[in-house]
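# Coordinate inspection notes
The lines below spell out each chain.
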Amino acid sequence: MSRKAKIASFLIFLIFFVGFIFSSWTLAFINLPAGYHYTIIYYEGDVPKNLTLIIPIPYINGKPAIKEVESFPGNVSVIKTRYGEMLKVETQNADWVTVAGFISNERTIDVVNSNITLLPVLERKLISKTENDKGVSIVHKIRVPVYAEFEGNSTILVRFDVRSGFKALPFFFIYTIPWEPRYGWKPYAGHKIIEFKIEKKGWQIVEGEERVGIIYQRLW
């Protein structure tokens, strides 16, 4: 190789190396954090007081997704019931409280292919599935056992919200390549939401929905 060719090769390598480093600095503005939250929300009616709930445990890939937040104003424990292990939540007020939460910039969550569920669940039925060139939407109906005691005439919403996050690979200066998570070969950002409402007191079987929604990220 001639001296000019060596210099040209070195300069090209240097430009791409600097571009790679610069692109990696931009990822903080492009990558989205992955995470989940299990939340109790006052939905309508009176704000419930002295609330006790026994609700299903959220799971991700066979592991309980319970990481209690430090600011939770009450007690959270796992108890045995006739339906199996469930989560017991006790709090004086339930205007809007997060039972468990986790956010991470280090990894993504595949909300389509991961086993994200509540247990126990007594019924899970597919309602609709839509796929197009923009993304995917999947809806299931679920039925779960719950127990509730509270003061007031309230409707309470329980929601398990899992966000996929998004990762890109640095390529050249401000350009990055969408990388994960992927549905098939297409990178995407999306969520999975499992939720149900509680309107009565005592033991009951309630209906809810499990919804997955993803949007493909453009490769170029």
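Fair warning: this is a prediction, and the values are worked out from it, not measured in the lab. (Residues numbered from 1 in each chain as written. Predicted model: local features only at pLDDT ≥ 70, side-chain atom pairs only at ≥ 80, totals over all residues. Heavy atoms only, no water.)

Any empty space left between atoms is shown by rolling a water-sized probe over those atoms. Under the defined criterion, the tally for this structure stands at 1 cavity of 30 Å³ or more. If you list the elements that add at least two residues to the lining of the largest cavity, you get strand 8 (116–119) and strand 10 (135–151). Per-class residue counts for the lining of the largest cavity are 4 nonpolar, 1 polar and 2 charged. (1 Å grid on protein atoms, 1.4 Å probe; cavity = no way out; pocket = protein on both sides within 12 Å on 5 of 7 lines; lining within 4 Å. Points joined across faces, edges and corners; volume = space filled by probe spheres on them. Helix = DSSP H or I, 4+ residues; strand = E, 2+ residues; numbered from the N terminus. Nonpolar A, V, L, I, M, F, W, Y, C, P; charged D, E, K, R; others polar.)

This part is about the pattern of salt bridges. Enumeration according to the criterion identifies 9 salt bridges in this entry. The closest approach of N and O atoms between Glu131 and Lys129, which form a salt bridge, is 3.6 Å. For Glu131, a relative accessible area of 46% gives the class partly exposed. Note that Glu195 is salt-bridged to Arg211, the shortest N-O span being 3.1 Å. Separated by 16 residues along the polypeptide, Glu195 in strand 15 (residues 186–198) and Arg211 in strand 16 (residues 202–216) bring together distant segments of the chain. Via salt bridges that share partners, Arg159, Glu195, Glu209 and Arg211 belong to a single interconnected network. (Salt bridge = Lys/Arg side-chain N within 4 Å of Asp/Glu carboxyl O. Buried < 20%, exposed > 50% of the residue type's maximum accessible area, 1.4 Å probe, protein only.)

When you line up the elements, Thr117 lands in strand 8. For Thr117, a relative accessible area of 14% translates into the label buried. Look past the residues within four positions of Thr117 in its chain and what remains in contact with it is Ile57, Pro58, Tyr59, Phe160 and Ile194. (Contact = heavy atoms within 4.5 Å.)

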